[in-house]
Amino acid sequence: MTRTARGGISRRSSSSKTSQCVECLLQRLLCKLQVTDPNLSRSHSSFLKMTEAVENFSLKDVLADFKSCLGNDNQAVLMDYYLSGWKGLVKFMNSLGTIFTFVSKDAVAKIQIMEGYRNSAESDKYISLQSMVAYELAAKLVDLEKRSDHPNSGCRTILRLHRALRWLQLFLDRLKTSTAESKTSTMCTNAYNESLSNYHPWIIRKTATVAFCALPNRDAFFDVMNVGTSDEVMAMLNEAMPYVAEVYEITQQLYAQHNLLDLP
Ligand SMILES: CCCCCCCC/C=C\CCCCCCCC(=O)N[C@@H](COP(=O)(O)O)[C@H](O)/C=C/CCCCCCCCCCCCC
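Conventions and cut-offs
- Residues numbered from 1 in each chain as written.
- Predicted model: local features only at pLDDT ≥ 70, side-chain atom pairs only at ≥ 80, totals over all residues.
- Heavy atoms only, no water.
- Helix = DSSP H or I, 4+ residues; strand = E, 2+ residues; numbered from the N terminus.
- Buried < 20%, exposed > 50% of the residue type's maximum accessible area, 1.4 Å probe, protein only.
- Contact = heavy atoms within 4.5 Å.
- Near = heavy atom within 4 Å.
- Polar contact = N/O pair within 3.5 Å; in protein donor to acceptor, adjacent residues only side chain to side chain.
- Areas by Shrake-Rupley, 256 points an atom, 1.4 Å probe, with all protein chains shown as cover.
- UniProt positions renumbered as here; feature names shortened; annotations may be inferred.
- Core = buried A, V, L, I, M, F, W, Y, C linked by side-chain atoms within 4.5 Å.
- Phe/Tyr/Trp six-rings, centres within 6.5 Å; stacked < 30°, edge-to-face > 60°.
- Lys NZ or Arg CZ within 6 Å of the ring centre and 35° of its normal.
- Salt bridge = Lys/Arg side-chain N within 4 Å of Asp/Glu carboxyl O.
- Axes fitted to C-alpha atoms, helices over the stretch in contact; angles between N-to-C directions.
- Parallel < 35°, antiparallel > 145°, perpendicular 65-115°, else oblique.
- Left-handed = near helix turned anticlockwise from the far one by under 90°.

Colleague: How should I be thinking about the overall build of the protein in this particular structure?
Modeller: A count of helices and strands for the protein gives 12 helices and zero strands. Out of the 264 residues belonging to the protein, those deemed buried represent 46%. Considering only contacts in the protein between residues 6 or more positions apart, those separated by 24 or more positions represent 70%.

If you want it as structure tokens, here you go:
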């Protein structure tokens, strides 16, 4: 068994049996449903190598990206910081165990689509979410009714991440007001049910709910965050959460203003 900095038992040891059982069940379910995509797996593993190479990971730095997203005038949401924030979240997610890679795989695929735009000849059009919306709409690059000519538009892809950001906001809000007895799986499930689950089919909802049962307990979770003591985690969340909320609100308003909240 591994002892953590605060003298607790690391999630790797305390929850490993439950986690292995749930993982096994989930893997079988995913295999049966053929949710895995070999092409995606390849790009996912190279992404993992890239993110694993970064040492001294701290969730504090990840959330700082959402602050940097807002630029100087708090009006535009800057794409590179937005994607950087997501990459950090994925890294955090992957450090929770392989059971969560089915979740991060989709986020990785979407980050890669957006990085593709940022590395294209139209890179400057994707400098912020606002410039992306203006450009794609004017150039008719968004499928508004059903996915056809532009199945992976930037607007659609960011919308999926934006909905997931709402889940993150609700989850962190719960974590912020939690006590030592609070269960991360319950907080996560409730946040999911109030947000992302509304956009997911039954099978994804069920699989996600099973995966949440394998979440480490609150102490172990705080250790993975690598921010410090529980008090320091709480202080960091109090400081960072307004920026996550601001990014969410600005994006929500942008999408509402252009009727983009239901993109297929
Ligand atoms: C201190 C707390 C920090 C928490 C850090 C959390 C890290 C979060 C990292 C990644 C979150 C995953 C985001 C998933 C994006 C999902 C986007 C989406 O809805 N995609 C679906 C629709 O896409 P299209 O088919 O229309 O292209 C896609 O079908 C869904 C795929 C699987 C998603 C599985 C459920 C996601 C649950 C999110 C909760 C994560 C729980 C993490 C617990 C820490």
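Colleague: How do you make sense of the site of the ligand when you look at a structure like this?
Modeller: Taken together, 27 residues sit near the ligand, with Asp106, Lys110, Arg156, Arg160 and His200 positioned nearest. In this structure, a nitrogen atom belonging to the ligand sits 2.7 Å away from a side-chain N or O atom of aspartate 106. The separation between an oxygen atom of the ligand and a polar side-chain atom of histidine 200 is 2.7 Å. When the ligand sits alone it has 970 Å² of accessible area, and the protein chains cover 90% of it.

Colleague: What is the right way to look at the side chain of lysine 110 in this model?
Modeller: Counting through the fold element by element, lysine 110 comes out in helix H6 (residues 101–118). Its relative accessible area of 12% is what places lysine 110 among the buried residues. For lysine 110, the side chain forms a polar contact with the side chain of aspartate 106, separated by 3.0 Å. Setting aside residues up to four positions removed in sequence, lysine 110 forms contacts with Thr157, Arg160 and Leu161.

Colleague: Is there a simple way to explain unusual backbone geometry in this structure?
Modeller: What is expected of a backbone is that most residues other than glycine have negative phi and most peptide bonds are trans. We note that asparagine 226 has phi near 60°; this positive angle belongs to a residue other than glycine. Relative to the elements of secondary structure, asparagine 226 occurs in the loop between helix H11 (218–225) and helix H12 (230–257). A positive phi is found at asparagine 259, a non-glycine position, where the angle reads about 55°. By secondary structure assignment, the location of asparagine 259 is in the segment after H12. According to the relative accessible area criterion, asparagine 259 is exposed, its value standing at 68%.

Colleague: Teacher, can you tell me more about the UniProt feature "domain: Glycolipid transfer protein" (unreviewed entry) in the protein here?
Modeller: The UniProt entry lists residues 78–226 under the feature "domain: Glycolipid transfer protein" (unreviewed entry), expressed in the numbering used here. As a span, residues 78–226 carries 64% helix and 0% strand, and end to end its C-alpha atoms are 26 Å apart.

Colleague: Which parts of the structure should I look at to understand the nonpolar core?
Modeller: If you look at soluble globular proteins, the nonpolar side chains tend to sit buried side by side. Counting residues in hydrophobic clusters, the biggest one holds 70 residues, and the most contacted among them are Leu59, Phe66, Tyr82 and Met225. Every residue in contact with phenylalanine 66, bar those within four places of it in the chain, is listed here: Tyr82, Gly85, Trp86, Leu89, Leu165, Tyr243, Val244 and Val247.

Colleague: Explain the packing of aromatic side chains to me, please; I cannot follow it from the model alone.
Modeller: Aromatic ring pairs are reported here in terms of the distance separating the ring centres and the angle at which the planes meet. Applying the stated criterion across every chain yields a total of seven aromatic pairs. Measuring from centroid to centroid gives 6.3 Å for phenylalanine 66 and tyrosine 82, while their planes differ by 75°, and the two rings are edge-to-face. Residue phenylalanine 66 is found in helix H4 (residues 59–68), and its partner tyrosine 82 is found in helix H5 (residues 79–94); the two are separated by 16 residues along the sequence. Note on accessibility: phenylalanine 66 and tyrosine 82 belong to one class, buried. Geometrically, the ring pair formed by tyrosine 117 and tyrosine 126 is stacked, given 4.6 Å between the ring centres and 5° between the ring planes. Taking relative accessible area as the criterion, tyrosine 117 reaches 23% and is therefore assigned partly exposed. Ring pairing ties together the aromatic residues Phe92, Trp167, Phe171 and Phe221, which thus form one cluster. For arginine 166, the ring lying beneath its charged end belongs to tyrosine 248, and the centroid distance is 5.6 Å.

Colleague: Before we go on, may I ask you to explain the pattern of salt bridges in this structure?
Modeller: Side chains carrying opposite charge are able to pair once their charged atoms draw close together. All chains considered together, the criterion is met by seven salt bridges. A salt bridge links aspartate 80 to arginine 118; the shortest N-O distance between them is 2.8 Å. Of this pair, aspartate 80 sits in helix H5 while arginine 118 sits in helix H6, and the two are 38 residues apart along the sequence. Taking relative accessible area as the criterion, aspartate 80 reaches 41% and is therefore assigned partly exposed. Between lysine 87 and glutamate 115 there is a salt bridge, with its nearest N and O atoms 2.7 Å apart. Residue lysine 87 is located in helix H5, and its partner glutamate 115 is located in helix H6; the two are separated by 28 residues in the primary sequence. A single salt-bridge network, built from bridges that share partners, covers Glu122, Asp124 and Lys125.

Colleague: Would you explain the packing of H4 against H5 in this entry?
Modeller: A pair of packed helices can be characterised by two numbers: the angle between their axes and the separation between those axes. One can describe the packing of H4 onto H5 by two numbers: an axis separation of 8 Å at closest approach and a directional angle of 160°. In terms of orientation, H4 and H5 fall into the roughly antiparallel class. Both H4 and H5 take part in a crossing whose hand is left-handed. Along its contact with H4, which presents Leu59, Val62, Asp65, Phe66 and Ser68, the element H5 presents Tyr81, Tyr82, Ser84, Gly85, Trp86, Gly88, Leu89 and Phe92.

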